[in-house]
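# Per-entry structural report
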Amino acid sequence: QLQLVESGGGLVQPGGSLRLSCAVSGASLDYYAIGWFRQAPGKQRELVAAINSDGTTNYEDSVKGRFTISRNNAKKTVNLQMNSLTPEDTAVYYCNALRGGSYIYSWGQGTQVTVSS
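### Overview of the pattern of salt bridges
- Overall, the coordinates contain four salt bridges when judged by the stated rule.
- For the salt bridge of Arg38 with Glu46, the shortest nitrogen-to-oxygen distance reads 2.9 Å.
- Its relative accessible area of 30% is what places Glu46 among the partly exposed residues.
- Ionic pairing is found between Asp89 and Arg38, a salt bridge with its closest N-O pair at 2.9 Å. Pair noted here: Asp89 is in the loop between strand E8 (77–82) and strand E9 (91–99) and Arg38 is in strand E4 (residues 33–39), with a separation of 51 residues, a long-range link. By the burial criterion, Asp89 is buried, and Arg38 matches it.
- The network of salt bridges with shared partners includes Arg38, Glu46, Arg66 and Asp89.

Each value, and the rule that gives it
- Residues numbered from 1 in each chain as written.
- Predicted model: local features only at pLDDT ≥ 70, side-chain atom pairs only at ≥ 80, totals over all residues.
- Heavy atoms only, no water.
- Salt bridge = Lys/Arg side-chain N within 4 Å of Asp/Glu carboxyl O.
- Buried < 20%, exposed > 50% of the residue type's maximum accessible area, 1.4 Å probe, protein only.
- Helix = DSSP H or I, 4+ residues; strand = E, 2+ residues; numbered from the N terminus.

Structure below.
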């Protein structure tokens, strides 16, 4: 079983960049797929990026070319580099392990990303 803690959120201007980190503890990260989700006020939580145990990645269409998910199994971290941010990216961002395309664990606190002038 994994424990996951998100960090790195903050206030950025449109067009800016931000890097989120997911720190993992508990079991080995090596064989888990990990996803970054986000939830904006009044909207459903959505999966925006995922990375498989073999390093392959998948992205929601709206973030393709702007977001990059990566993993470092030795450091037990999964990062989300976010570039060219827009106000539509404003949300609380969460990480979670994935199985069959869906999340495994209960949700943590997440980290707030606000894109505003």
